[in-house]
Amino acid sequence: MKKYSKKLLGVLLVSAMAATGITAVPGTNVYAAETQEAAEKPVVESVKIDKQGQTLYFDEFDGSYERGFKISVKVSNCTDSSIWVGVNSKNYSDLTGAEYNASTGTYDLTVSNIGVFDADYFGSDTGKYWISKIAFNDTPDEAAEVELSKGSNKYEAKNADEALYWVNISDQYKMTFYEPDLSVKEIRNDSDYKHKIFKQTKTAYVKEGTTEADLKNVYTPSEKAGLTFKGWYAPYASPLFTLKEDGSFKSGATIVPQYDKKVVPFSVMFTEPDSKGNYGEVVDIQKVNSTSDVKFPTVKGYESYKWQGYADEMGSDYCIKVNGKKPETALSLVSSSASDSKTDTKTDSKNDSNANAGGSGGVIGSPADEARSGLYHDGSEWNYYKEGIKDTSYTGLCKYNGSWWYVKNGKVDFSATTLCKYNGSWFYVKGGKVDFSTTTLCKYNGAWFYVKGGKVDFNATTLCKYNGAWFYVKGGKVDFNATTLCKYNGTWWYVKGGKIDFKSTTLCKYNGTWFYVNGGKVNFGANGLCKYNGVWWYIKNGSVSFTNTLCKFNGTWWYINNGAVNFNKTTLVKYGNNWYAVAGGKVAWGYTGNLKYNGGTYRVVNGVVKF
């Protein structure tokens, strides 16, 4: 390829424009008086999806925010911290920022939370998710030249059938069934004293639309003496992650049986295992109508230890915790009534810390006195308890199983999308739970606040994309009165009325300088004229230059006086090595004669001073 000098390239470009009759509409485009040599364009070298072509089946959502797939794009000649990647599904499409990963040299994007939220991220879509487009920060509307499609435009995949890079999200969900094993004795894991009797017995995939009631047709548990099977239950299901509004599943789930009676195990746990590696032993399993019917057993050799109760979604169980090694011989019960141990206060002081340890749910001292504190699952509701009493006056946050839930009037409000003040910070709640992964906007008391990392960032001055528009955030909330510039991902964007105005070609004053805006952002490569408030201003390198000069625009050489075209002055002006006569705002090429300037008289021929 033949290379031209910077000066010659500019001459060739201007000559080519004149020869082809190209013109510009004043105020909408700026042609450079001098052309800079173009830098090399970024080039996409490779595109990868870590689960390309796979069908993904989702187990029960665990809150890890890694439920999806990863896209990696390798780009040369690009120094931006991020690029744009379009990801589409049947009901969703958007450009999302892929961040540069210095360790791999790629721009990475993890598409996560698929099927978790009904109206956020990628909703509940199943079927194909595909890469529709890749673009760079300075040209987000222009697809990069990398093959993504089998269609007519190989650089942009308009639908799933023509896409080259895709994964498939199954419309089936994995159900994992557990049943109580009433014969279990040994407890292997030192932390597995809760739900020790539940054993996995089956996994099955179910279609969209399946409800808890429908699971009776999928699997029937084995018969248990003294128990009547009533149906299946998803103990950890919630509208946020597991269930749709109609009660059908939108993810896999843990499934346990419901019986006509409660199954309550009693176990003794030790801090050191026996020779077989067992840390504990189940000493009794009771079937009762309610926990108030439980009879505390007395374990031989451990008569002075107190039972500690644990309750959560899976039910209740009781445990004695002992410092020391588990005996090699099996434990046995004292034949007499266990009522004394229920109120026994002779627990050795060395064991008190273990005896009072709680589980992930609430700790209860006895069936007769369930001193609940925190969240408990009562039927279809999650209720907030304080000192054993349901507290309907409480509105706030409550931590449960490692997550923070939004409680309103004493129960979890799974429909809430709001802000909640807790310990001096304002946290973002979605679907009843604090969402620590989202960067978004949230309306509260008439104002739109900027959320990052799960809470309002009152120090932020930035841009935030919400519902397809980019909003300007100042001091943690959207400033709808702002007309300004804001730097984001290395580009200066033009904000009007609180959001980026991608249609504007105008000037904007920022920190004392007037910048030229085109397509919603500052064009630092622009040189020419721009009309603003009835005046034509001279643009040099993206900002108004308050100088005296000439500027060629739309085939005419205009006279610039203090940064603006002066239509009223007749004078001489130096440009390059020559002096020119100007009148009516432009070079007077047709004028030949004498012209006075700064006390002297000069001979002008065809607009040029002849010395």
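Residues numbered from 1 in each chain as written. Predicted model: local features only at pLDDT ≥ 70, side-chain atom pairs only at ≥ 80, totals over all residues. Heavy atoms only, no water.

The next subject is the overall build of the chain. Within the chain one finds three helices and 50 strands. Within the span of the chain, comprising 611 residues, buried residues form 47% of the whole. Here the analysis covers contacts within the chain between residues at least 6 apart in sequence; of these, 55% occur between residues at least 24 apart. Here the chain displays about 30900 Å² of accessible surface, and carbon together with sulfur accounts for 46% of that area. (Helix = DSSP H or I, 4+ residues; strand = E, 2+ residues; numbered from the N terminus. Buried < 20%, exposed > 50% of the residue type's maximum accessible area, 1.4 Å probe, protein only. Contact = heavy atoms within 4.5 Å. Areas by Shrake-Rupley, 256 points an atom, 1.4 Å probe, with all protein chains shown as cover.)

What follows is about the nonpolar core. Val 44, Ile 71, Val 73, Ile 83, Val 85 and Ile 134 are the most contacted members of the largest nonpolar core, which has 25 residues in total. Contributions of two or more residues to this core are made by strand 1 (43-49), strand 3 (69-76), strand 4 (82-89), strand 6 (106-111), strand 7 (127-135) and strand 8 (166-180). Take this core: its biggest share by element is four residues, from strand 3. Beyond its immediate chain neighbours, meaning those up to four positions away, Val 73 contacts Val 44, Ser 46, Val 47, Ile 83, Val 85, Thr 106, Tyr 107 and Ile 134. (Core = buried A, V, L, I, M, F, W, Y, C linked by side-chain atoms within 4.5 Å.)

Its place among the elements puts Phe 414 in the loop between strand 23 (411-412) and strand 24 (417-422). Separated by 15 residues in the primary sequence, Phe 414 and Val 429 have C-alpha atoms spaced 9.4 Å apart.

Non-glycine residue Asn 541 carries a positive phi angle of around 55°. Structurally, Asn 541 is set in the loop between strand 40 (535-540) and strand 41 (543-544). Since its relative accessible area comes to 38%, Asn 541 is described here as partly exposed. Within the chain, Asn 554 stands out as a residue other than glycine whose phi angle is a positive 55°. Within the element layout of this structure, Asn 554 appears in the loop between strand 42 (549-553) and strand 43 (556-561). Using a relative accessible area of 30% as the deciding quantity, one classes Asn 554 as partly exposed.

Here the focus is the packing of aromatic side chains. For the structure on display, the rule yields 36 aromatic pairs. Look at Phe 471 and Phe 480: their rings are 6.3 Å apart centre to centre, the planes differ by 75°, and that puts the pair in the edge-to-face class. Residue classification places Phe 471 among the buried positions, given a relative accessible area of 14%. Under the relative-accessibility criterion, Phe 480 is labelled partly exposed at 42%. (Phe/Tyr/Trp six-rings, centres within 6.5 Å; stacked < 30°, edge-to-face > 60°.)

Further remarks concern the side chain of Asp 391. Turning to its location among the elements, Asp 391 is positioned in the loop between strand 20 (389-390) and strand 21 (396-400). One buried charge, Asp 391, has no salt-bridge partner; the nearest side chain with opposite charge is Lys 386, at 5.1 Å. Apart from the residues lying within four places of it in its own chain, the contact partners of Asp 391 are Tyr 384, Tyr 385, Lys 386, Asn 409 and Gly 410. (Lys, Arg positive; Asp, Glu negative; His and termini not counted. Salt bridge = Lys/Arg side-chain N within 4 Å of Asp/Glu carboxyl O.)

Counting through the fold element by element, Val 587 comes out in strand 47 (residues 586-587). Between the C-alpha atom of Val 587 and that of Leu 550, which follows or precedes it by 37 residues, the distance is 8.3 Å. In contact with Val 587, not counting residues within four places along its chain, are Leu 550, Trp 557, Tyr 580, Ala 581, Val 582 and Gly 607.

Okay, the pattern of salt bridges next. This structure, assessed with the given rule, holds six salt bridges. With its nearest N and O atoms 3.8 Å apart, the salt bridge here joins Lys 70 to Asp 108. Of this pair, Lys 70 sits in strand 3 while Asp 108 sits in strand 6, and the two are 38 residues apart along the sequence. By relative accessible area, Lys 70 is classed as partly exposed at 31%. Take Asp 108: its relative accessible area is 13%, and that puts it in the buried class. One salt bridge in this structure joins Glu 381 and Lys 411, with 3.0 Å as the shortest N-O distance. With Glu 381 in strand 19 (residues 381-386) and Lys 411 in strand 23, this residue pair connects regions lying 30 residues apart in the sequence. Taking relative accessible area as the criterion, Glu 381 reaches 31% and is therefore assigned partly exposed. Because the salt bridges share partners, they merge into one network encompassing Asp 274, Glu 281 and Lys 326.

Bringing the confidence of the model for the chain into the picture now. In the predicted model, the chain carries a mean pLDDT of 81, and 81% of its residues have values of at least 70. Below pLDDT 50 for its whole length, residues 1-39 participates in 43 contacts with residues either more than four positions away or in separate chains. Scored below 50 in pLDDT, residues 336-371 shows 78 contacts in the model against residues more than four places distant or in partner chains. (pLDDT = per-residue confidence, 0-100.)

Inspection of the sheet shows strand 33 (residues 483-488) paired to strand 34 (residues 491-496) by six bridges, in the antiparallel sense. In the sheet register, Thr 483 faces strand 34, and the bridge partner there is Lys 496. The hairpin turn running from strand 33 into strand 34, its antiparallel successor, is two residues long, and Asn 489 in that turn takes a positive phi close to 55°. As judged from the two bridges shared by strand 34 and strand 35 (residues 499-500), these two strands associate in the antiparallel manner. In the strand pairing of strand 35, Val 495 is matched with Ile 500. Hairpin connection of strand 34 to strand 35: two residues between the antiparallel strands, including Gly 497 at a positive phi of 65°. (Pairing = 2+ DSSP bridges.)

Tracing the chain through its elements places Thr 556 in strand 43. Thr 556 sits in the partly exposed class, given a relative accessible area of 22%. C-alpha of Thr 556 to C-alpha of Val 587: the two residues are 31 residues apart in sequence and 7.9 Å apart in space. Those residues within four positions of Thr 556 in sequence are excluded, and the remaining contacts are Cys 551 and Lys 586.

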